[in-house]
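# Summary of the model geometry
Each chain, letter by letter, is given below.
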Amino acid sequence: MTDAGTVAAPLEAAWDSIRLGLRRDCGARTFDGWLKPAELGAFDGDSGELEIFMPSQFMADWVESHFGDRLRLAWRTSLPIVQDVKIVAAPDGPRPAPLLILEEIPAAAPAEAVRDPSAPNFDKRYRFETFVVGKANEVAATAARTLATADSVSFNPLFIHGGTGRGKTHLLHAIGQSFMERRPNARVVSMSAEKFMVEFIRALKENDTIGFKSRLRSADLLLIDDVQFIAGKDSTQEEFFHTMNEIITAGRRLVITSDRAPQDLDGIAPRILSRLSWGLVADINPADYELRLNIIDAKLAVLPGVEMPRGVVEFLARRITSSIRELEGALNRIAAYAMMTGRAIDVAFVEEVLANVLRANQRRISIDEIQTQVAEHYRIRKAEMTSARRAREVARPRQVAMYLSKQLTPKSLPDIGRRFGGRDHTTVIHAVKQIERLRAADSELDADIRLLTRQLEG
Ligand SMILES: Nc1ncnc2c1ncn2[C@@H]1O[C@H](COP(=O)(O)OP(=O)(O)OP(=O)(O)O)[C@@H](O)[C@H]1O
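Being a predicted model, the structure only gives us computed values, none of them experimental.

### Topic: the sheet that holds strand β8 (residues 280-283)
The five strands are arranged β5-β6-β7-β4-β8 in an open sheet whose pairing can be described as parallel. Here the strands that pair on one side only, and so sit at the sheet edges, are β5 (188-192) and β8. Across the sheet, the mean angle separating the axes of adjacent strands is 15 degrees when strand polarity is ignored. Helix α6 (residues 168-182) contacts β4 (158-161), β5, β6 (221-225) and β7 (253-258) of the sheet and is inclined by roughly 165 degrees relative to β6. Docked against the sheet, helix α7 (residues 193-205) engages β5 and β6, running at close to 95 degrees with respect to β5.

### Describing helix α3 (residues 57-78)
Here α3 spans only 26 Å end to end across 22 residues, well under the 32 Å set by a 1.5 Å rise per residue. Largest kink in α3: about 70 degrees, centred on F67. Restricting attention to buried positions, one finds in α3 the residues M59, A60, V63, F67, G68, L71, R72, L73, A74, W75 and T77.

### Regarding the environment of A338
Mapped onto the secondary structure, A338 falls in helix α13 (residues 324-341). A338 sits eleven residues away from F349 along the chain, and the two C-alpha atoms are 8.7 Å apart.

### Side note on the site of the ligand
The ligand sits among 18 residues. The nearest are T164, G165, T169, H170 and E328. In the model, an oxygen atom of the ligand is placed 2.7 Å from a nitrogen or oxygen of the G165 main chain. When the free accessible area of the ligand is taken as 640 Å², the share hidden by the protein chains comes to 92%. Elements represented by at least two residues in the shell around the ligand include exactly α6, α11 (289-301) and α13.

### Some points on the sheet that holds strand β1 (residues 39-44)
On the basis of which strands lie adjacent, the open sheet formed by three strands has the order β1-β2-β3 and mixed pairing. Sheet topology places β1 and β3 (84-89) at the edges, where each strand pairs with a single neighbour. Pairs of neighbouring strands in the sheet enclose a mean axial angle of 25 degrees, with direction left out of account. Across six bridges, the pairing between strand β2 (residues 49-54) and β3 is parallel. The residue bridging E49 from the neighbouring strand is D84, located in β3. Across the sheet, α3 lies against β1, β2 and β3, angled at about 165 degrees from β3, the strand it touches most.

### Focus on the packing of α11 against helix α12 (residues 310-319)
Look at α11 against α12: their axes get within 9 Å of each other, and the N-to-C directions meet at 130 degrees. The orientation of α11 with respect to α12, classified from their angle, is oblique. Seen along the crossing, α11 lies across α12 with a hand that is right-handed. In this structure, α11 uses Y289, R292, L293, I296, D297 and L300 to contact α12, whose residues at the interface are R310, V313, E314, L316, A317 and R318. When the residues that make up the contact of α11 with α12 are grouped by side-chain class, the tally is seven nonpolar, no polar and five charged.

### Notes on the side chain of S323
Mapped onto the elements of the fold, S323 is located in the loop between α12 and α13. A polar side-chain atom of S323 sits 3.3 Å from the main-chain amide nitrogen of R325. There is a polar contact of 3.1 Å between the side chain of S323 and the backbone nitrogen of E326. With residues near it in sequence (within four places) discarded, S323 still touches T164 and G165.

Analysis parameters
Note on numbering: residues in each chain are counted from 1, in written sequence order. Selection of residues for local features in this predicted model requires a pLDDT of at least 70, selection of side-chain atom pairs for listing and counting requires 80 or more, and totals for whole chains, interfaces and linings are taken over all residues. To get the side-chain values, take all heavy atoms of the structure and skip hydrogens and water. Think of it this way: DSSP has to see at least two bridges between two strands before they count as a pair. The secondary structure listing takes helices from DSSP runs of H or I that are at least 4 residues long and strands from runs of E that are at least 2 residues long, numbered from the N terminus. Axis definition: a line fitted to C-alpha atoms, limited for helices to the stretch in contact. Angles are taken between N-to-C directions and run from 0 to 180 degrees. Should any heavy atoms of two residues lie within 4.5 Å, those residues are counted as being in contact. In a helix, the anticipated span is given by 1.5 Å times the number of residues less one. One axis is fitted to the seven residues ending at the residue and one to the seven starting there. The bend at that residue is the angle between these axes. Between buried and exposed lies partly exposed: a residue is buried under 20% and exposed over 50% of the maximum accessible area for its type, with that area taken using a 1.4 Å probe on protein chains only. Residues are classed as near a molecule or strand on a simple rule: at least one heavy atom within 4 Å of it. Definition of a polar contact: a pair of N or O atoms within 3.5 Å, with one able to donate and the other able to accept a hydrogen when the atoms are protein atoms, and with sequence-neighbouring residues admitted only if both atoms are side-chain atoms. Here the accessible surface of atoms and residues is derived via Shrake-Rupley with a 1.4 Å probe, and residues count as covered only by protein chains that are part of the display. Here the word oblique covers every angle except those under 35 degrees (roughly parallel), over 145 (roughly antiparallel) and from 65 to 115 (roughly perpendicular). Helix crossings fall into two classes, left-handed where the near helix is turned counterclockwise from the far one by less than a right angle and right-handed where it is turned clockwise. Residues are grouped as follows: Ala, Val, Leu, Ile, Met, Phe, Trp, Tyr, Cys and Pro are nonpolar; Asp, Glu, Lys and Arg are charged; every other residue, Gly included, is polar.

Next up, the structure:
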């Protein structure tokens, strides 16, 4: 759960560093005249919108037109929970407390009291049109679209699972928005499993379980994000099971996301799992190189003014493999730094700006993977990597594999020798030197090694 303390401090810290950057960027005079009077306003944790207060409407308009985009980008880069920035004239009278965190605050909080807590609050950016489809996510994306748009569906519920930052929430919001556009009068309820639990407990405390049940069970479309959260929470699961049951048997639609597959959801009641298997279980795999490339292109198309040479796009697609969220964060960071420094975007600039991200993304390549890949490439049996045969058609690929093991893994020479059939470390040194020498003279071998390196680095 988010509380004011845990979010306010990072907001203030990010604001301080954004102000420093702006001062450096636009000069003390402009900064003191226009930006210094800006103050943090309210932050809405649900929509991710942050208000910046200016002393007058005129100043708010000026700052919006001159610095609006820059402020938005700087915020999204420094603190991704801030999705949007609204620059407004400060309200008259006493200022509200500088930061009002609305997300997950009990119903008594003002914003919750005036709006229907179940009214879906979809992220406008998360639509099918902005979801890039590739091999890794095509089953999930197709099923999501069908569930959102078809008059009747043969599967229900739809269960989408996959690791963090792979687009589950994006698809969930896309389903919700598309469904509502087609059926404006439909009731759509969307919440995280955590919120389901919090609201259920609140309903129990307030003796309003009937209200809670009817609100959820009457939904035409129910979207539940991150179901793994209720693992081990027995009474919440009991309620969740009945909710699921009612929705499904009434022919209404249910979509659930999770960070893991049903069989790996420890602590979730077997009857829930068995209900899930009645529907369609679709996973989202890690994006491959091609999908990463297409996603970068799509994101760049909506980042105006960012000139990224093809080589840099390919460099990023090759190097940032952990998640799409990280890829997106990297692009925003590059755009923000390029804007602030006025430097052209090239690989050296990207390496500097993303040093930590690139380090964290370095894939751990194993000697086993290298041996498999090299054997496949030269069409020899993998067993030849460890065999004693000295025939050139197996000895050369083996040397290439030793060379790549030295280049691409942190293993020591004796370790590498051991993994190649218990050879001595001097054999590995010889192989590395030999391949280095041959590579310089033999362009075919050089091309082989480049290709293998690219394939191994993903
Ligand atoms: N295929 C895709 N096309 C375009 N954007 C994508 C794609 N996949 C993911 N993204 C973007 O990556 C970011 C992270 O995605 P999202 O929040 O949906 O991940 P998630 O799988 O729900 O992660 P978590 O489990 O951590 O909540 C979002 O901004 C989303 O728009």
